[in-house]
Amino acid sequence: MLQFQSKLLAPTLKEVPSDAEVASHRLMLRAGMIRKVAAGIYTYMPLGWRVINKVATIVREEMDRAGAQEILMPAVIPSHLWKESGRWDEYGPELLRLVDRKGSDFCVGPTHEEVVTTLVRDNVQSYKSLPLNLYQVQTKFRDEVRPRFGLMRGREFIMKDAYSFDLDEEAATKSYEKMFAAYQRIFQRCGLDFKPVEADTGAIGGKRSHEFQVMAETGEDTIVVCDDCGYAANVELAEIAAPRVDDNASQVMGSRAYEEVYTGEATSCIEVADRLGVATRRVLKSMLFIANAGEDDSFVVMALTFGDEDVNEIKLRKAVDARAIRLASDDEVLKLGLTPGVIGPVLCPEGIRVVADQSLQGARDLICGANRKEAHFAHVHVSEHFVAEFKDLRAARAGDACGRCGGTLSEKRGIEVGHVFFLGNKYSKAMNVTVLDPNGKAKELVMGCYGIGVGRTAAAAIEQHHDDFGISWPWNIAPYQVHVLAIGKDEEVLNEAQRIAETLEKEGYDILLDDRGERPGVKFKDADLIGCPLRISVGSRGLKEGKVEVKTRRMTKDEAMDVNLDAIVANVNKLANTLRP
RNA sequence: CGGAGUGUGGCGCAGCUUGGUAGCGCACCUGUUUUGGGUACAGGGGGUCGUAGGUUCGAAUCCUAUCACUCCGACCA
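The structure displayed is predicted, hence computed values, not measured ones.

A. Region of interest: the overall build of chain A. A tally of regular secondary structure across chain A gives 15 helices and 32 strands. Taking the principal axes of its C-alpha atoms as reference, chain A extends roughly 95 × 65 × 50 Å. A buried classification covers 43% of the 581 residues belonging to chain A. Expressed as a percentage of contacts within chain A between residues at least 6 apart in sequence, the contacts between residues at least 24 apart total 71%.

See the structure below:
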């Protein structure tokens with residue numbers, strides 16, 4: 001492919017809209033790759049669309065190689081499918097709902113479990129059709145509370161989603177592993193530094209899940225990695241082994257009785273600590289949660305941590321084995337006979353399950369809410385003045401002990417570009433998807449689902465590969481691999497540049513030829529901004545000696561090489577090989 | 001949903017306090033100039049000042065409502 005830049009719609013900008021905060025968003029706007037149409041909604045212009053397609057092509061090749069089949073489901077989905085799975089009511093305001101002229105409800109698909117499950121239910125009857133893996137590359141819509149960072153967190157976005165169907169858990173595990181391996185290859189080919197990490201299954205549900213995180217400072221996710229055993233997980237569920245060595249070691253052995261102290265308006269741990277003149281860590285943080293709210297098996301949980309730490313709701317949910325959990329409202333707290341703001345485990349009403357972070361085991365001389373207005377208890381000893389289960393409730397931090405090997409955890413920031421879920425039979429059960437097994441018995445299928453944010457992958461590549469001047473695309477996803485610049489308006493220069501471009505095109509490269517009537521400075525700046533991996537500058541000065549300048553995007557000006565006209569192809573081939581991942 | 005803020009040509013902004021019929025830079029078009037890192041000069045096109053109502057002789061400017069967008073937080077595939 002050879003593109004004349006004079007005909008390319010790629011309006012580059014010197015100035016950027018002030019709301020572009022991260023590199024990928026800023027550079028995509030400046031390089032003329034995307035334009036915003038509404039909050040979190042973008043038009044992909046030619047350069048941006050080429051990148052998206054290059055990523056999508058890699059994804060398709062690897063999905064096909066892993067035995068998946070491409071389909072395309074509708075973007076607009078009738079509500080009855082979502083009512084059948086129960087998610088019409090569960091999903092919340094992120095689901096964009098529409099009404100058609102007849103008054104029927106629809107939604108714009110944020111994910112397609114319902115549609116694909118129905119498809120399989122109606123069209124697959126025998127175990128002989130399994131394993132089955134269907135995928136699509138499609139525009140999705142999630143009405144995000146706060147879209148930001150351009151393609152990184154849009155409301156409308158392009159996603160590859162795949163769904164696997166198997167007869168039993170063992171086969172489904174194989175499908176999961178196949179996708180896991182395909183994902184490794186995909187992100188490798190995209191030239192990314194990434195890490196698969198263990199993750200929470202969230203609203204989608206399921207038993208096992210990994211996120212593929214691209215390492216970048218601007219990432220919205222925090223992950224922890226064990227320096228010793230390589231355990232990597234999202235902080236939201238990363239396991240911590242032993243309690244941190246805590247400052248209770250030097251505590252004074254106080255009296256065996258706790259006493260009530262007046263604390264006035266102070267309710268938060270920090271306020272209470274300030275008022276009493278002690279460290280925040282000496283105050284016990286007590287939070288009340290409702291588990292499985294609205295269900296028959298709902299129950300109340302009081303979660304405890306040191307005052308300078310926070311309860312991780314995902315860990316708490318798992319610790320008490322609940323499907324869902326949320327903070328209790330003030331009204332609910334009152335109904336239980338407690339006082340909002342001064343909740344505490346001492347003299348706590350019956351029927352509340354008290355769960356403490358494991359680091360609290362044996363902690364003494366703490367301050368906790370007295371369940372009475374303006375009062376706290378002091379000199380409270382854990383396990384003496386109240387009883388609690390000890391669980392891992394606190395979000396992992398750098399320096400914590402690894403839950404697998406006891407090594408040291410460190411924190412990193414990541415961009416989630418892919419997610420694989422082992423779903424089990426949640427959807428096949430809700431939507432009654434069965435096939436006949438070899439014995440002629442109906443069996444519920446075991447499912448997996450697998451997503452890749454295509455636009456987000458492109459954005460992540462920029463976060464990882466850019467400098468002050470612009471983007472520096474990884475070879476396989478660059479809009480064009482070689483940028484040929486005709487320096488000057490010389491007819492001869494232009495002709496020679498075009499000849500070189502055509503030659504390289506025949507060699508199979510994607511070429512962008514800057515044939516515009518711009519000054520050299522403009523062309524160099526734009527080339528740096530657009531970020532093609534290889535650049536060939538053709539100017540009258542060099543042509544006099546039969547030479548052109550060849551450089552990679554990552555070389556400095558001084559490292560650029562003068563290359564004889566007849567050696568260009570060989571040189572480009574050689575450099576290309578060093579640039580491929 | 002809570003807090004803060006902003007809407008003026010494609011982009012970045014000034015003008016608003018103290019009402020008088022809209023301006024600058026970038027980009028775009030024309031010409032001259034320049035030609036290896038965003039050249040210089042001259043000329044030009046483009047804006048119902050988010051929208052609706054109100055006050056006023058007169059509103060970008062003051063008032064009310066409304067919409068949109070952004071930031072911080074809460075929330076979250």
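B. The arrangement of the nonpolar core in detail. Ranked by internal contacts, the top residues of the largest apolar core, which has 98 residues, are Val482, Val484, Ile536 and Val538. Two domains each donate at least three residues to this core, and these are domain 1 (7-238 + 411-462) and domain 3 (480-579). Those residues in contact with Val482 that sit more than four places away from it in its chain are Leu504, Tyr509, Ile511, Cys532, Leu534, Ile536 and Val572. Judged by nonpolar contacts, the second largest core, of 36 residues, contains Leu316, Leu360, Ala363 and Phe386.

C. Molecular detail of helix 13 (residues 520-530). For helix 13, every residue scored as buried is listed here: Lys523, Asp526, Ala527 and Ile530. For helix 13, the angular spread of the buried residues around the axis is 100°, confining them to a single face. The first or second residue beyond helix 13 is Gly531, which carries a positive phi of 80°.

D. Representation of the environment of Asp392 within the structure. Along the chain, Asp392 falls in the loop between strand 21 (389-391) and strand 22 (409-424). Distance in space between the C-alpha atoms of Asp392 and Lys315 is 7.0 Å, their sequence separation being 77 residues. Excluding residues that lie within four positions of it along the chain, Asp392 makes contacts with Glu239, Ile240, Lys315 and Gln358.

E. Layout of helix 11 (residues 454-464). A large share of helix 11 lies buried, amounting to 11 of its 11 residues. Looking at helix 11, one finds that the buried residues are Val454, Gly455, Arg456, Thr457, Ala458, Ala459, Ala460, Ala461, Ile462, Glu463 and Gln464.

F. Representation of unusual backbone geometry in the model. Here the amide bond leading from Leu130 into Pro131 is cis, since omega sits at -5°, within 30 degrees of zero. Looking at the element boundaries, Pro131 is found in the loop between helix 5 (113-123) and strand 8 (132-141). Positive phi values are uncommon outside glycine, yet Asp365 reaches one of about 60°. When you line up the elements, Asp365 lands in the loop between strand 18 (352-357) and strand 19 (366-369). Here Asp365 falls in the partly exposed class, since 18 other C-beta atoms lie within 10 Å of it. Its identity is not glycine, yet Asn371 carries a phi of approximately 60°, on the positive side. Inspection of the secondary structure puts Asn371 in the loop between strand 19 and strand 20 (375-380). Under the C-beta neighbour-count criterion, Asn371 is labelled buried, with 22 such atoms within 10 Å.

G. Summary view of the sheet that holds strand 30 (residues 534-539). If you walk across this open sheet you meet the 6 strands as 1-29-28-30-31-32, and the pairing is mixed. Each of the sheet's edge strands pairs with one partner strand only, and the pair in question is strand 1 (2-4) and strand 32 (561-564). Each strand of the sheet is rotated relative to its neighbour by a mean of 25°, with strand direction disregarded. The strands touched by helix 12 (residues 491-506) within the sheet are strand 1, strand 28 (482-487), strand 29 (511-514), strand 30 and strand 31 (547-552), with strand 28 carrying the most contacts at an inclination of about 165°. Of the strands in this sheet, strand 28, strand 30, strand 31 and strand 32 touch helix 15 (residues 568-579), which is tilted by about 5° from strand 31.

H. Representation of the packing of helix 1 (residues 23-30) against helix 11 in the model. The N-to-C vectors of helix 1 and helix 11 enclose an angle of 100°; their axes lie 8 Å apart at closest approach. In terms of axis orientation, helix 1 runs roughly perpendicular to helix 11. Judged by residue contacts, Ala23, Ser24, Leu27 and Met28 of helix 1 engage Ala459, Ile462 and Glu463 from helix 11.

I. A look at the environment of Met73. On the secondary structure map, Met73 appears in the loop between strand 4 (69-70) and strand 5 (76-78). When the 17 C-beta atoms within 10 Å are taken as the criterion, Met73 is described as partly exposed. Between the C-alpha atoms of Met73 and Gln136, which are 63 residues apart in sequence, the distance is 7.3 Å. Leave out the neighbours within four places in its chain, and Met73 touches His112, Val115, Val116, Gln136 and Gln138.

J. Region of the structure containing the sheet that holds strand 15 (residues 284-291). If you trace the 5 strands from one edge of the open sheet to the other, you get 17-15-16-18-21, paired in mixed fashion. The outermost strands of the open sheet, each flanked by one partner alone, are strand 17 (325-327) and strand 21. The sheet shows a mean angle of 35° between the axes of neighbouring strands, taken without regard to direction. In this sheet, strand 21 lies alongside strand 18 in parallel orientation, the contact comprising 3 bridges. Looking across to strand 21, one finds that Ala356 is bridged to Phe390.

K. Local environment of the pairing of strand 9 (residues 156-166). Summarising burial for strand 9: 11 of the 11 residues are buried, a large majority. Here strand 9 shows two buried faces, one formed by Glu156, Ile158, Lys160, Ala162, Ser164 and Asp166 and the other by Phe157, Met159, Asp161, Tyr163 and Phe165. Summarising the sheet, strand 8 and strand 9 pair through 10 bridges and their orientation is antiparallel. The residue bridging Leu132 from the neighbouring strand is Phe165, located in strand 9. Summarising the sheet, strand 9 and strand 25 (residues 446-453) pair through 8 bridges and their orientation is antiparallel. Looking at the pairing, Tyr163 lines up with Cys449 of strand 25.

L. Structural view of the packing of helix 2 (residues 46-65) against helix 11. Across the interface, helix 2 lies against helix 11 with an axial gap of 9 Å and an inter-helix angle of 110°. Judged on the interaxial angle alone, helix 11 and helix 2 are roughly perpendicular. By crossing handedness, the relation of helix 2 to helix 11 is classed as right-handed. For the pair helix 2 and helix 11, the contacting residues are Val51, Ile52, Val55, Ala56 and Val59 in the first and Val454, Gly455, Thr457 and Ala458 in the second.

M. Spotlight on the pairing of strand 18. The sheet contact formed by strand 16 (residues 299-306) and strand 18 spans 5 bridges and is parallel. Paired with Ala303 across the strands is Val355, a residue of strand 18.

N. Seen up close, the environment of Gly230. Mapped onto the elements, Gly230 comes out in the loop between strand 12 (221-226) and strand 13 (232-234). In this structure Gly230 comes out as exposed when scored by C-beta crowding, with 12 C-beta atoms within 10 Å. A C-alpha to C-alpha distance of 9.4 Å links Gly230 and Leu409, two positions 179 residues apart in sequence.

So, how was this worked out
- Residues numbered from 1 in each chain as written.
- Chains lettered and ligands numbered in written order.
- Predicted model: local features only at pLDDT ≥ 70, side-chain atom pairs only at ≥ 80, totals over all residues.
- Helix = DSSP H or I, 4+ residues; strand = E, 2+ residues; numbered from the N terminus.
- Buried ≥ 20, exposed ≤ 12 C-beta atoms within 10 Å, placed from the backbone.
- Contact = placed C-beta atoms within 7 Å.
- Core = buried A, V, L, I, M, F, W, Y, C linked by C-beta atoms within 7 Å.
- Domains from an automatic or database assignment.
- Arc of directions from axis to C-beta.
- Pairing = 2+ DSSP bridges.
- Axes fitted to C-alpha atoms, helices over the stretch in contact; angles between N-to-C directions.
- Parallel < 35°, antiparallel > 145°, perpendicular 65-115°, else oblique.
- Left-handed = near helix turned anticlockwise from the far one by under 90°.

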